[in-house]
Amino acid sequence: MSLGKVNSGRHRPPNPRTLASLVEHSSYTKCEFITSPPQKIPSPVQPKNTAGLETISITNTTHWTKCIHNLCTTHCDADATLHLLHDLRVRGFHPNSLNISSIIHALCHANRYSEAHHRFLLFISSHCSPDEHTCNLLIARLLNGRDPYSTLRVINALADEKPEFVPSLVNFNRLIDGFCKLGRLEVAHLLFYHMIERGHRPNVVSFTTLISGYSMIGKVCAAEKVFDEMSECGVRCNALTYTALIRGVLRKRELENGIRLMGKVWEVMEYEDDVQVNNAAFCSVVDCLCREGLFHEVFKIVEDMPQGKNVPEGFAYGQMIDSLCKFERYNAAARIVYMMRKRGFTPSLVSYNLIVHGLCNDDDCLRAYQLWEEGMEFGYLPSEFTSKVRVEGLCRD
DNA sequence: CTAGGGTTAG
């Protein structure tokens, strides 16, 4: 009961906009609030002619805000800041958005995400919620902790305390993705609907995230349903949306369907403004094919180059080489090198090294030696480690 | 003299 804790002692009607039920069965465990034994923390902006904290008025928020920020950023000491803030609050200080922001940032910066979440909850429950902009900023920061259950609890607490607050679309998308990555599609999908209720229009990222999530857990039918809803909502899919489907379809060994969708990928690339989307989609297609052992399909791509000018050619070769190496198909990768060189491209030395090294480990040292010699033509000088492996291999042969 | 602060799918 995430909201129960936050609201204990107060009598408020339950907020229908919160998602308490979603976190009820969460893996969230209440984080331990860690405080080192109390110690005197000197003020970093201590005036020269006075001795203690008490001499500066508690109402001098500018001074204390600077102090808190200074401790958090230049000293990177979240614990000292928490102590200082505790002392100040005893004296009647009311933390503002900036103070809260400083502390949450410092905790996240130190990778103390669970404390950051807990601290934020404490601020909210003591009616110290920051302004809307800061809330979104801090949620973005908390999401980096990859603990979507905890972040959702914070969002629920905020919804209860500040009913007018709506997390940004990007934050919602990231949160949904977090649940997708955990395979919790039921939570992800509910959040998706919740986001719409709160006034957001899901974008291509929102839909693609859900489709990818369903594909990942093997629910291709559900993924296809979301895909259909997408066009009904007037949101245009892009190459990444198709690759999200392809991943699920190929995993189900629906090769024909996969190839049809690949055709769609190349098609929508034409209309894409963001080159990164096309590049990422190309990588994804090649990765899916290799993962499913469909190496002949990768070679079809090298032959036909169906992505055309929508993916930089050199990048495409590099990606195919790297993916083939990732799945330990070093001879196949060497074939890509052969073909790209024939077309006037030079492999990156890092990729080339990967191939030579991989061939050595595969006991194909003669082929490795061949490549090593050919590599001289474009400045390939193997690292010491690779040379050692190569020599050892040749000796064995 | 109202400060400082981070962005999504792959």
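Residues numbered from 1 in each chain as written. Chains lettered and ligands numbered in written order. Predicted model: local features only at pLDDT ≥ 70, side-chain atom pairs only at ≥ 80, totals over all residues. Heavy atoms only, no water.

Chain A is annotated in an unreviewed UniProt entry as Pentatricopeptide repeat-containing protein from Penstemon davidsonii. Taken from UniProt, the Sequence similarities (unreviewed entry) comment for chain A reads in full: "Belongs to the PPR family. P subfamily." (UniProt positions renumbered as here; feature names shortened; annotations may be inferred.)

## Some words on the side chain of Gln319
Within the secondary structure, Gln319 is located in helix α17 (residues 313-326). In contact with Gln319, not counting residues within four places along its chain, are Phe282, Cys283 and Val286. (Helix = DSSP H or I, 4+ residues; strand = E, 2+ residues; numbered from the N terminus. Contact = heavy atoms within 4.5 Å.)

## As for the packing of helix α15 (residues 275-291) against helix α16 (residues 295-304)
Two numbers describe how α15 lies on α16: the axes approach to 7 Å, and their chain directions differ by 145°. Crossing of α15 against α16: the hand is left-handed. Across the interface between the two elements, Phe282, Val285, Leu289 and Cys290 of α15 pack against Phe295, Glu297, Val298 and Ile301 of α16. Its residues assigned to classes, the contact of α15 with α16 shows seven nonpolar, no polar and one charged. (Axes fitted to C-alpha atoms, helices over the stretch in contact; angles between N-to-C directions. Left-handed = near helix turned anticlockwise from the far one by under 90°. Nonpolar A, V, L, I, M, F, W, Y, C, P; charged D, E, K, R; others polar.)

## Digging into the packing of aromatic side chains
Taken as a whole, this structure holds nine aromatic pairs when the rule is applied. An angle of 55° between the planes, with centres 5.5 Å apart, marks the rings of Phe227 and Tyr242 as tilted. Taken together, the residues Phe227 in helix α12 (residues 220-232) and Tyr242 in helix α13 (residues 239-251) connect sequence positions 15 residues apart. By the burial criterion, Phe227 is buried, and Tyr242 matches it. A centroid spacing of 6.1 Å and a plane angle of 50° characterise the contact between Trp266 and Phe282, whose relative ring orientation is tilted. Highlighted residues: Trp266 in helix α14 (residues 255-269) and Phe282 in helix α15, separated in sequence by 16 residues. Judged by relative accessible area, Trp266 falls into the buried class, the value being 11%. The buried category is assigned to Phe282, whose relative accessible area is 0%. In textbook terms, an aromatic cluster arises when at least three aromatic residues are bridged by ring pairs, as seen for Phe192, Tyr193 and Phe207. (Phe/Tyr/Trp six-rings, centres within 6.5 Å; stacked < 30°, edge-to-face > 60°. Buried < 20%, exposed > 50% of the residue type's maximum accessible area, 1.4 Å probe, protein only.)

## Section: the nonpolar core
Counting residues in each nonpolar core, the largest one holds 113 residues, and the members touching the most others are Val265, Phe282, Met320 and Ile355. Beyond its immediate chain neighbours, meaning those up to four positions away, Ile355 contacts Ile321, Cys325, Tyr330, Ala333, Ala334, Val337 and Leu371. (Core = buried A, V, L, I, M, F, W, Y, C linked by side-chain atoms within 4.5 Å.)

## Description of the UniProt feature "repeat: PPR" (unreviewed entry) in chain A
Here, the residues flagged by UniProt with the feature "repeat: PPR" (unreviewed entry) are residues 168-202, 203-237, 278-312, 313-347 and 348-382. Strand forms 0% of residues 278-312 and helix 69%; the C-alpha atoms that close the span are 10 Å apart.

## Examining the protein's contact with DNA strand B
Around DNA strand B, the surrounding shell holds 27 residues, and the nearest of these are Ser101, Leu137, Asn173, Asn238 and Ala280. In this structure, a base oxygen belonging to DNA strand B sits 2.7 Å away from a side-chain N or O atom of Asn173. In this structure, a base nitrogen belonging to DNA strand B sits 3.5 Å away from a main-chain N or O atom of Val277. When residues of the surface near DNA strand B are traced back to their parent elements, those giving at least two are α3 (61-73), α5 (97-109), α7 (132-143), α9 (169-181), α11 (204-216) and α15. Considering only residue class, the surface near DNA strand B consists of eight nonpolar, 15 polar and four charged. (Near = heavy atom within 4 Å. Polar contact = N/O pair within 3.5 Å; in protein donor to acceptor, adjacent residues only side chain to side chain.)

## Considerations on the pattern of salt bridges
The final tally for this structure, using the stated rule, is 10 salt bridges. The salt bridge partner of Asp177 is Lys181, with a shortest N-O separation of 2.5 Å. With Asp177 and Lys181 both in helix α9 and four residues apart, this pair spans about one turn of that helix. Overall, the relative accessible area of 60% leaves Lys181 in the exposed class. A salt bridge links Glu292 to Arg253, with the shortest nitrogen-to-oxygen separation between them at 2.9 Å. With Glu292 in the loop between α15 and α16 and Arg253 in the loop between α13 and α14, this pair connects stretches of sequence that are 39 residues apart. Here the salt bridges share partners, and the residues they tie into one network are Arg247, Asp287, Arg291 and Lys326. (Salt bridge = Lys/Arg side-chain N within 4 Å of Asp/Glu carboxyl O.)

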